[in-house]
Amino acid sequence: MAEADSVAVIGLGRFGSSLALELMAGGTEVLGIDADEEIVQSLNGRLTQVVRADSTKSEVLKQLAVDEFDRVVVAIGSDITASILTSSVLLGMKIPVIWAKAVTEQHAVILEQLGVHHVIRPEAEMGRRVAHLVRGAALDYIEIEKGYAIVKTAPPSRLHGVPLGRTALRKELGVTVAAFKRPGEEWRNADAETVLGPDDTVLVVGPTRKAEGFAQLR
């Protein structure tokens, strides 16, 4: 099963299980690995394959052919030592792409120092995202990288009925309307000729503070 669009997920707690099931829903084959038999049984039949195993042992991962996977996610959150040891074993197996969940800043630093390709902190990232939504008028918010974001919001009245190319939006506010959606319709790319109305929704791209500032306009 270890082909281009297959992923091994090690650690099937709330984050790992959610990730594995979402990958399955998208048509990706998933090998799930966890040390807890109860968790493994709960996901039996819901993933392509799910096994109880000690992921800190290289011989175990080799028996499961994890070294044939292009992508592996270490989603272990309850045992930092196991997360670090598993990541180290995977790096020694020359896995092309490893994602690992970190539960603390120190944990993240250690994983990065080991050489893990992608280190994520889901709780911290979600906390930052929700904070931006709570304090602003955005309907949704995604930080592309530090200081740059996409914000989903309603267009301010100054943009209603005017082609975007005539609004000097980028020059005055430092943001770009990348896409828009009318009620009951699909998302469409915006261009200089796009005319927005009060019931539309837009995706605005730009520096975080400026994109959030745009969402505050009425």
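Here's what I pulled together on the structure shown here. Computed from a predicted structure; not experimentally measured.

Overview of the layout of surface pockets
Empty space among the atoms becomes visible once a probe the size of a water molecule is rolled across them. Approximately 590 Å³ is the volume attributed to the largest pocket. Mapped onto the lining of the largest pocket, the elements with two or more residues apiece are helix H6 (122-135), strand E7 (140-145) and helix H8 (208-216). The element best represented in the lining of the largest pocket is H6, accounting for seven residues. Lining the second largest pocket are 23 residues, and of these Gly11, Asp34, Ile76, Gly77 and Ser78 lie nearest its centre. Counting residues per element, the ones that place at least two in the lining of the second largest pocket are helix H1 (14-25) and strand E2 (29-34). It is H1 that contributes the most residues to the lining of the second largest pocket, three residues altogether. Taken together, the residues that form the lining of the second largest pocket break down as nine nonpolar, seven polar and seven charged.

Regarding the sheet that holds E2
Taking strand neighbours across the sheet as the criterion, the six strands line up as E3-E2-E1-E4-E5-E6 in an open arrangement whose pairing is parallel. A single partner strand is all that each edge strand has here, and the edge strands are strand E3 (49-52) and strand E6 (118-120). When strand polarity is set aside, the average angle formed by the axes of neighbouring strands in this sheet is 15 degrees. Relative to strand E5 (residues 97-101), strand E4 (residues 71-74) runs parallel, the two sharing four bridges. In the sheet register, Val72 faces E5, and the bridge partner there is Ile98. Across the sheet, H1 is in contact with strand E1 (6-10), E2, E4, E5 and E6; its angle to E1 comes to roughly 165 degrees.

Details of the pattern of salt bridges
Enumeration according to the criterion identifies six salt bridges in this entry. Where Glu105 meets Arg121, a salt bridge forms, and the shortest distance between an N and an O atom there is 2.9 Å. Of this pair, Glu105 sits in helix H5 (residues 105-114) while Arg121 sits in the loop between E6 and H6, and the two are 16 residues apart along the sequence. The class for Arg121 is partly exposed, based on a relative accessible area of 23%. For Arg209, the salt bridge goes to Glu212, with nearest N and O atoms at 3.5 Å. Of the two residues, Arg209 and Glu212 both sit in helix H8, three residues apart, roughly one turn of that helix.

Considering the nonpolar core
Within the largest apolar cluster, 25 residues are counted, with the highest numbers of intra-cluster contacts made by Ile33, Leu61, Val66, Val72 and Leu90. Residue assignment for this core shows that the elements contributing at least two residues are E1, E2, helix H3 (58-63), E4, helix H4 (80-92), E5 and H5. In terms of residue count, H4 provides more of this core than any other element does, four residues in total. The residues contacting Val72, other than those within four sequence positions of it, are Ala8, Ile10, Val66, Leu90, Ile95, Val97, Ile98 and Trp99.

Rules and cut-offs
Residues numbered from 1 in each chain as written. Predicted model: local features only at pLDDT ≥ 70, side-chain atom pairs only at ≥ 80, totals over all residues. Heavy atoms only, no water. 1 Å grid on protein atoms, 1.4 Å probe; cavity = no way out; pocket = protein on both sides within 12 Å on 5 of 7 lines; lining within 4 Å. Points joined across faces, edges and corners; volume = space filled by probe spheres on them. Helix = DSSP H or I, 4+ residues; strand = E, 2+ residues; numbered from the N terminus. Nonpolar A, V, L, I, M, F, W, Y, C, P; charged D, E, K, R; others polar. Pairing = 2+ DSSP bridges. Axes fitted to C-alpha atoms, helices over the stretch in contact; angles between N-to-C directions. Contact = heavy atoms within 4.5 Å. Salt bridge = Lys/Arg side-chain N within 4 Å of Asp/Glu carboxyl O. Buried < 20%, exposed > 50% of the residue type's maximum accessible area, 1.4 Å probe, protein only. Core = buried A, V, L, I, M, F, W, Y, C linked by side-chain atoms within 4.5 Å.

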